Amino acid sequence: MNTERTILTRAGAERLRAELKTLKSVDRPRIISAIAEARSHGDLTENAEYAAAKEQQGFIEGRIAELEGNLAVAEIIDSKDIAATGKVVFGAHVKLYDIDQDVVVSYQLVGNLEADLDRGLISIGSPIGKALLGKAEGDEIVFAAPGGKRTYEVLEVRYG
């Protein structure tokens, strides 16, 4: 069980709770039925359906335990409660100008568990997240990314 403090936005915590509910109320019963069906086919030593269902059950149970552990120690921070100081902090929405790619991108700084680049959610523990913390509009950040050094200018910082 995770005993470290886990920081989550309110929306991130709700997404994790929804995933946990689905795992418990939909996925777990479905896999229990699949295991029962596979058992009814007889010899389990050469039953690929049974082995696959048991493997999936292990994954589901592991994910349930992980989510329960993380949610139990989570500190939920509502970005609406953040004082508007103009600085990039946890939960802030930032609009950045990617100097290297000549494009504008938008992100929200979130906890490690809820980071999802495809949804514009970047972890405060990521290289870009660390570089952004404490910055304000007009500041330039440079950080090492997996593809090499990147440079951004902070265009806008919003909260809530």
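Now for a description of the structure that goes with this document. The structure displayed is predicted, hence computed values, not measured ones. (Residues numbered from 1 in each chain as written. Predicted model: local features only at pLDDT ≥ 70, side-chain atom pairs only at ≥ 80, totals over all residues. Heavy atoms only, no water.)

## Describing the environment of Gly 134
Here Gly 134 shows up in the loop between α3 (127-132) and β6 (140-145). Considering only alpha carbons, one finds Gly 134 and Val 88, 46 residues apart in sequence, at a separation of 5.0 Å. Apart from the residues within four sequence positions on either side, Gly 134 is in contact with Lys 87 and Val 88. (Helix = DSSP H or I, 4+ residues; strand = E, 2+ residues; numbered from the N terminus. Contact = heavy atoms within 4.5 Å.)

## Here's the deal with the packing of aromatic side chains
Ring pairs (aromatic) are described by centroid distance and by the angle formed between their planes. For the structure shown, the criterion picks out one aromatic pair. Measuring from ring centre to ring centre gives 5.7 Å for Phe 143 and Tyr 152, while their planes differ by 15°; the resulting arrangement is stacked. For the pair shown, Phe 143 and Tyr 152 are each scored as buried. (Phe/Tyr/Trp six-rings, centres within 6.5 Å; stacked < 30°, edge-to-face > 60°. Buried < 20%, exposed > 50% of the residue type's maximum accessible area, 1.4 Å probe, protein only.)

## Brief notes about the nonpolar core
Note that soluble globular proteins tend to have their nonpolar side chains buried in a common cluster. In this structure, Val 94, Leu 96, Tyr 107, Ile 128, Leu 132 and Tyr 152 are the most contacted members of the largest nonpolar core, which totals 18 residues. For this core, the secondary-structure elements that each account for two or more residues are β3 (93-98), β4 (103-110), α3, β6 and β7 (148-158). Filtering out sequence-adjacent residues up to four positions away, Ile 128 remains in contact with Leu 96, Tyr 107, Ile 122, Ile 141, Phe 143 and Tyr 152. (Core = buried A, V, L, I, M, F, W, Y, C linked by side-chain atoms within 4.5 Å.)

## A short note on the side chain of Ser 123
Relative to the helices and strands, Ser 123 resides in strand β5 (residues 121-123). Of the residues examined, Ser 123 reaches a relative accessible area of 8% and is grouped as buried. Of note is the side chain of Ser 123, whose polar atom sits 2.2 Å from the side chain of Asn 112. A polar contact is formed between the side chain of Ser 123 and the backbone nitrogen of Gly 125, at a distance of 2.9 Å. (Polar contact = N/O pair within 3.5 Å; in protein donor to acceptor, adjacent residues only side chain to side chain.)

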